[in-house]
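The residues making up each chain are set out below.
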Amino acid sequence: MGTRRRIRAGTASAVAALGLACVLAAPRVALADDVADEADLAFRIGAERYAQGDFKGALEHFLASNRLAPNQNVVFNVAKTYEKLERYPEAFRYYSAALAGETDAGARERIGQALEQIRPHVAVLAVETEPPGATLYVDRKDLGARGESPRALGVPAGRYKVLAELPGYYPGEADVESAPVGQTTRVTIALRPILGRLSLDGAPVGARVRIDDPESLPRCVLPCSVELSPGHHVAYVAQEGYRTSDVVLDVTARETTTSSVRLQPLVGTVVVTTDEPGAVVNVDGKASGFSPAILTLPVGAHRVSIALRGYRTVERAVDVAPDKQSRLDLVLTQAQEVEAASRVSESVDDAPSSVTVIPREEILAFGYPTIAEALRGVRGVYLWNDRAYQSIGIRGLGRLGSYGNRELVLQDGEPTNDDWVGSAYVGFDGRSDLGDVDHIELVRGPGSVLYGTNAFSGVVNVVTRGRDERPGGEAGVSAVDAGVTRGRVRAQASLGKDAGIWASISGAHGAGRDFAFAEMPNRSGEASPSRDADAFAAGTLSGRVWWKWLTLQWFAHSHDKELPTGEFDTLLSDPRSHQQDTRAFAEARAEPKLSEFVQLYTRVHLNFYRFRGDYSHTDPASGLEQDGFDGRWVGAEQRVVLTPLRGLRATLGGEGQYHFQVDTTARDASGLFLNQSGTTGRPYEVGAVYGLLDAEASEAVRLSGGVRLDAYSTSGSSLNPRAAVILRPYAAGNLKILGGTAFRAPSVYELYYNDGGTSQVASPDLRPEKIYSAEIEHTHRFSPTVTGIASVFANYATNLIVARDITSDLFHYENVGTPLLSTGVEIALRREWRRGFMLEASYSFQHSAFLASTKASDLFSLRTDPSVRHVANSPEHLGAIKAAAPLLIRGVTAATRLTFEGPRWDRYESVGDPAQGKTPAVVVWDLVVSGHEDKYGLRWTLGAYNLGGYRYSLPASVEFVQRSILQNGRTLLASVDVAF
């Protein structure tokens, strides 16, 4: 829009006087006509005054025109006028303003020349701000703005304060101490933005946060806090393996805006199945459920492990892809743990002994009532019952009349044999039931390097249920054997983290069977009957309390058994003839792990054994004989286990026992006839030191060795080593080469018992028995569930203690010079327990013979002693088949067992004895059906042992008139247990 021009001649001359035609142009801003006219008027008046030399008047009107219509040309005129007035700072400022707005190159050159002309007359402040564009003030704001940065300000010489303001920033200032004329002083002001704070938290920790630009560098990682300019922003939160999230938010100045972000992981699924359900599934070290399981996992690599008690832990690497499914279908391999072989928990494959573990699944499925019944059918093991005690033999070494004192029975590692005869209790004389038992370990061969005496032909470790049992209670009743009824109650409670307690009490009563013995004819020549004289009563109290590495366990059992067989020349059918055995112990253990390389094992124990025997003799003058024994002893053991290197374990230890009460009494109608001259008041001590070394030379070679020295105050010392080489010649094979020795110290009964010369005299000069053993056992795993085992073994026993007749009515014990050699082979094929299925078949051949002497030539030639017949009670053939399978009904399992034991020779081993007889082979078939209903905590068992009712007898020892004793016929069993 144009501006009317009325230029008079005087005005034209004024413009000419200025010498700048360009500055005479009217303001070029389109305004309303009245404002434009006023601006034009002010401009023309200013030009006239300038031409007249009235520079102050010209300045006044030029400034007014510029205020009305800002114009670069007018700004230049203002600068020129200030220059005429010699107000150089103002001129410099207006020239600078004119230059900043000018685009014409020629005009810019002219203005620049003008600036250079007046620069020597002013002090120049070259002001820059960060960021640029700030409004500048000098000293005071009320004097008006001096332009926007960057700007060169002309000022008189002096001291100044430069102020800067920019929207969105805090005001800034700079002090200029001295601004000399003719010089340029640079002034820099950094403006601090007025910000708000954004605080972000959420998951996953460490997620990267970018602001406004998803491609920019991360500003922070979660959780974090950042300062942002006020206004609208977008936070992009990203992490590998997660979906990126965009968070839109508004930031307010001087305030904190909070927000939470949870990224959704990119996930896939992994389906885990195992052939045995209920395995714990761990992902990256954290429990994630039980198999079968469908796991939703973040994408990426994961480590999945599957663990089930009694099975080898399986680990697999899984790479999870987004929104895809992976599968792990696994067949678990059984990896039974055993403690009795080395006194530390280890795999059966790694144990330096031949080991069989009877798991709890089998104990429940077959309803085993006793330890002996659980061991029946295990390769190399056979049983017999003389109606006073149940006994077991291992690999042909089941000597008659030994009361099991060549086998050591443990409960959780604590020996339960008594200290009078050394008897092992494996029937109802050992415990009323197996309700507290988790599994039973059988370790064949010598075990004295670990346990000392009695671990002669094998060790049986009864392992009770562990700390991981759920808190609650149980109650049950059962009927088994010959009219045996039982009841039990158990409770378990948690006492806090790593602390708990369980306790149980059970009882059993048996009515017994009736017998007829042909060896004891009545006056009519018929077999004498024995009726109502086979009863027993038993009770068991057991428990454990623990806190971290401290454990206290207790056990007490009493068994009172009537004698129906006329044993010890007693009257048949006289219920007064009975034997009562009471065995109890309390053991405290401390097993702290001091470091990764050192663990201590300390235990102290207090033991009690009491025997009471009443015998109604056939001799009326003797009346009722009463025998008794009271034994009490304390013991302590200290062991240290060192693992300085991976695959290397050294064990050093020692133990001692003090048998402070060893009292034997015997009396009949004539009065006391065993007194201080017998064993009353004969305390004795036992001490031992031992060392073991286990080394894993490579993945295919494992070495184990150890030695133990035992010393008895009654019978001297015995040194017993053990060595084993365990090889893995191929992935599915495990070969054990085993060798060692064991001993049995003469028992107090064998050493000192006498009845006043009536039937037995003391034998104080007895030496310990000794056995040397060698074995090769190979295991081949056909599949994760099917295993085959084959072994060959040889046991060479010397100094065996036997009862010898001094006269026809008097005997004592002595070491015989005739060694016993037992050799054999064993094979077994087992399909492990899976989903209720199990199958096992085994066969053992074992041959025992008395050699001519202990000479090496006789040993290697196998020359037998001509004065001795066949080894008694040593069947050559043993076989068993065990199977279990679930029925169609939910939770019901059928289990069957077929055992075979070959013929056995009776006790007449010496040539001078009556002709040696033989009992026939034995075949026993068992069938049991069991079930459980977890919803109600109910478990039941119904079945029969010896289902075919096979009637058979087994050899008896010299305490009996009979050569053999009738064993159980068909036995029904039933039980009901409720957990709550």
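Computed from a prediction, not measured in an experiment: that's the story for all the values here.

## Overview of the packing of aromatic side chains
The tally for this structure, following the rule as stated, stands at 24 aromatic pairs. Ring geometry for F811 and Y813: centres 6.0 Å apart, planes at 75°, overall edge-to-face. Among the residues examined, Y813 registers a relative accessible area of 13% and is labelled buried. Put simply, the rings of W420, Y609, F611, F629, Y749, Y753, F811 and Y813 touch in pairs and so form one group of aromatic residues. Across from the ring centre of Y945, 5.8 Å away, lies the NZ or CZ of R376, which sits over that ring.

## Side note on empty space enclosed by the protein
Evaluation of the coordinates by the stated rule reveals eight cavities of 30 Å³ or more. Taken as a whole, the largest cavity holds about 610 Å³ of empty space. As for the largest cavity, its lining consists of 37 residues, and the residues nearest its centre are E373, N385, Q390, D481 and N968. Taken together, the elements giving at least two residues each to the lining of the largest cavity come down to β24 (381-385), β36 (550-562), β53 (892-901), β56 (922-933) and β60 (971-979). Within the lining of the largest cavity, the residues separate by chemical class into 17 nonpolar, 12 polar and eight charged.

## What about the sheet that holds strand β17 (residues 293-298)?
Taken together, the three strands give an open sheet; going across it, the order is β17-β14-β20, and neighbouring strands pair in mixed fashion. In this open sheet, the two strands that pair with only one neighbour each are β17 and β20 (325-330). Between one strand axis and the next, the sheet turns by 25° as a mean value, whatever way the strands run. As paired strands, strand β14 (residues 267-274) and β20 are joined by six bridges and run parallel to one another. Pairing of T269 across the sheet is with Q325, part of β20.

## Regarding the sheet that holds strand β10 (residues 224-228)
Strand order in the open sheet formed by three strands is β10-β7-β13, and the pairing between neighbours is mixed. Looking at which strands have only one partner, the edges of the open sheet turn out to be β10 and β13 (256-262). On average, each strand axis in the sheet is tilted by 25° relative to the strand beside it, whichever way the strands run. As judged from the five bridges shared by strand β7 (residues 196-203) and β10, these two strands associate in the antiparallel manner. Looking at β10, one finds that R197 is bridged to E227.

## Let's talk about the state of the cysteines
Throughout this description, disulfide means a covalent bond between two cysteine sulfur atoms. Tallied over the entire structure, the rule returns one disulfide. Here C220 is linked by a disulfide to C224, with a sulfur-sulfur distance of 2.0 Å. For C220, a relative accessible area of 12% corresponds to the buried category. C224 sits in the buried class, given a relative accessible area of 13%.

## Overview of helix α5 (residues 88-101)
Given 3.6 residues per helical turn, the α-helix brings residues three or four places apart onto the same face. A rise of 1.5 Å per residue sets the reference length of α5, with its 14 residues, at 20 Å; its end C-alpha atoms lie 20 Å apart and thus fit the reference within 8%. Listed as buried for α5 are Y88, P89, E90, A91, F92, Y94, Y95, S96 and A98.

## Quick notes on the nonpolar core
In this structure, L375, I440 and V460 are the most contacted members of the largest nonpolar core, which totals 54 residues. A per-element tally of this core places helix α8 (residues 371-375) first, with four residues. In contact with I440, not counting residues within four places along its chain, are T356, V357, I358, I363, A374, L375, L434, V460 and N461. In terms of nonpolar packing, the next biggest core, distinct from the first, is built from 27 residues, L563, A745, Y749 and Y753 among them.

## Thoughts on the environment of V271
Tracing the backbone through its elements, the reader meets V271 in strand β14. Counting along the chain gives 24 residues from V271 to L295, while the straight-line C-alpha distance between them is 6.2 Å. Beyond its immediate chain neighbours, meaning those up to four positions away, V271 contacts A293, I294, Q325, S326, R327 and L328.

## Remarks on the packing of helix α4 (residues 72-84) against α5
Across the interface, α4 lies against α5 with an axial gap of 8 Å and an inter-helix angle of 160°. Compared by their axis directions, α4 and α5 come out roughly antiparallel. You can see that α4 and α5 cross each other, and the crossing is left-handed. Note on element contacts: α5 touches α4 through Y88, E90, A91, Y94, Y95, A97, A98 and G101, opposite Q72, V75, F76, V78, A79, K80, Y82 and E83.

## Details of a nonpolar patch on the surface
On the surface, L839, I881, L898, F900, V923, W925 and L927 cluster together to form a nonpolar patch covering roughly 570 Å² of accessible area. Among the elements that make up the nonpolar patch, the one with the highest residue count is β56 (three residues). By the secondary structure assignment, L898 is in strand β53.

Rules behind the numbers
- Residues numbered from 1 in each chain as written.
- Predicted model: local features only at pLDDT ≥ 70, side-chain atom pairs only at ≥ 80, totals over all residues.
- Heavy atoms only, no water.
- Phe/Tyr/Trp six-rings, centres within 6.5 Å; stacked < 30°, edge-to-face > 60°.
- Buried < 20%, exposed > 50% of the residue type's maximum accessible area, 1.4 Å probe, protein only.
- Lys NZ or Arg CZ within 6 Å of the ring centre and 35° of its normal.
- 1 Å grid on protein atoms, 1.4 Å probe; cavity = no way out; pocket = protein on both sides within 12 Å on 5 of 7 lines; lining within 4 Å.
- Points joined across faces, edges and corners; volume = space filled by probe spheres on them.
- Helix = DSSP H or I, 4+ residues; strand = E, 2+ residues; numbered from the N terminus.
- Nonpolar A, V, L, I, M, F, W, Y, C, P; charged D, E, K, R; others polar.
- Pairing = 2+ DSSP bridges.
- Axes fitted to C-alpha atoms, helices over the stretch in contact; angles between N-to-C directions.
- Disulfide = S-S within 2.5 Å.
- Expected span 1.5 Å × (residues − 1).
- Core = buried A, V, L, I, M, F, W, Y, C linked by side-chain atoms within 4.5 Å.
- Contact = heavy atoms within 4.5 Å.
- Parallel < 35°, antiparallel > 145°, perpendicular 65-115°, else oblique.
- Left-handed = near helix turned anticlockwise from the far one by under 90°.
- Patch = residues over 30% accessible without salt bridge, like charges linked within 9 Å, V, L, I, M, F, W, Y side chains within 5 Å.
- Areas by Shrake-Rupley, 256 points an atom, 1.4 Å probe, with all protein chains shown as cover.
- Salt bridge = Lys/Arg side-chain N within 4 Å of Asp/Glu carboxyl O.

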